[in-house]
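Listed here are the chains, written in short residue letters.
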Amino acid sequence: PGGETSYFSICSELGYRTIAFNTLLDMKTSFKHNLSLPPLQPLAEAPGGLRVLRRVTLICSDPTHLRALKSPALNQYDIVAVRPTTEELLNQAIKGFPNFFQIISLDFSAPLPFRLRHSQLHPCRLSDLVFEVNYSVAIKNSSCCRHLVSNTLDLGWVSRGRNFVISSGAEHPMFIRGPYDAINLVSLCGVDFKCAKQAISTNAERVFLKGFSRTQTFNGILQRADVSECDDSLPKQLLISSEVDASSSTRKKVKQ
């Protein structure tokens, strides 16, 4: 807090329209019986045209940590990401809590403790969950870069170039790169250029929309809004996803 203006300046200059500030929480220390979150500090005023989001990443090393995903305390964040440390936790998060987070954030700067599998990607597509490729680790040192390339190759092969987003994870503004620089970097890791472009644009927007559904609707199902009181930035035609029938796996949509 207090140093956001430098991020705002460079992100606006590079052409970004939405950025997110991330809080990394190790659940070993932050979760005992209830989720303990640090108080949110006010951000500096962003320039016009730049949307600023709040994100939290939960490092989960025990099955009980996943219960924190249902905590109302997370509603103060626009985006929730999970970093499971084992394959069992990854599977439990995907199958048991898909509506409570948006991003699977693995540490690509080191060898993964398990192999990604095709079977894990199918439920991710059904639930709009995405994996994350964090490119700033490639700028720090050659060892991290080598691991990033290897892990991104594995992710690209398993996901067929879909269901992932590109983020900077920059701890300093100097590590931020422009959209096409980030796309080219991921393309060098074996991902199709078109898929890499979607990862930084379309897929990233899907993450935001799912986060909005998580915090602003009832169980991600229904929102009631008085259109006459909506400001001009909201669409007059509001498309809302209704309950998903588990037996038929079909989604009904209601216009309001």
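Presented here is an overview of the structure given in this document. Chains are numbered independently. Their residues run from 1 in the order of the written sequence. Given that the model is predicted, a residue must reach a pLDDT of at least 70 before its local features are reported, and side-chain atom pairs must reach 80 or more before they are shown or counted; all residues, however, enter totals for whole chains, interfaces and linings. Side-chain numbers here rest on the full set of heavy atoms in the structure, without hydrogens or water.

## Observations concerning the pattern of salt bridges
Opposite charge on two side chains permits them to pair, given that their charged atoms come into close proximity. Whenever Lys or Arg places a side-chain nitrogen within 4 Å of a carboxyl oxygen from Asp or Glu, that contact is recorded as a salt bridge. Inspection of every chain in the model, using the stated rule, returns 4 salt bridges. Arg55 serves as the salt-bridge partner of Glu132, at 2.7 Å between the closest nitrogen and oxygen. A residue pair is termed long-range when its members are at least 10 positions apart, and Glu132 in strand β5 (residues 130-134) and Arg55 in strand β2 (residues 51-60) qualify at 77 residues. Each of the two residues, Glu132 as well as Arg55, counts as buried. Of the charged contacts in the structure, one is a salt bridge between Glu87 and Arg117, with a shortest N-O distance of 2.6 Å. Of the two residues, Glu87 sits in helix α3 (residues 87-96) while Arg117 sits in the loop between β4 (103-104) and α4 (118-127), which places them 30 residues apart along the sequence. When its relative accessible area of 43% is taken as the criterion, Arg117 is described as partly exposed. Every helix listed is a DSSP run of H or I at least four residues long, and every strand listed is a run of E at least two residues long, numbered separately from the N terminus. The buried label applies to any residue whose accessible area, calculated with a 1.4 Å probe on protein chains only, is under 20% of its type's maximum; exposed applies above 50%, and partly exposed to all values in between.

## A short note on the nonpolar core
Residues belong to a common nonpolar core when they are buried Ala, Val, Leu, Ile, Met, Phe, Trp, Tyr or Cys residues joined through side-chain atoms within 4.5 Å. Grouped together as the largest cluster of nonpolar side chains are 58 residues, with contacts concentrated most on Leu69, Phe101, Leu116, Phe131, Phe164 and Ile166. It only takes one pair of heavy atoms within 4.5 Å for two residues to be counted as in contact. Beyond its immediate stretch of four places on either side in the chain, Phe101 contacts Leu69, Val80, Val82, Ala93, Leu129, Lys210 and Arg214. In this structure, Ile103, Val130, Val165 and Phe208 belong to the second largest nonpolar core, which totals 8 residues.

## Side note on unusual backbone geometry
Non-glycine residue Asp128 carries a positive phi angle of around 60°. Along the polypeptide, Asp128 turns up in the loop between α4 and β5. Phi is positive for Asn163, which is not a glycine, with a value near 60°. Following the sequence through the fold, Asn163 ends up in the loop between α6 (142-159) and β6 (164-167). Here Asn163 falls in the buried class, since its relative accessible area comes to 6%.

Distances and angles like these do not, on their own, reveal function.
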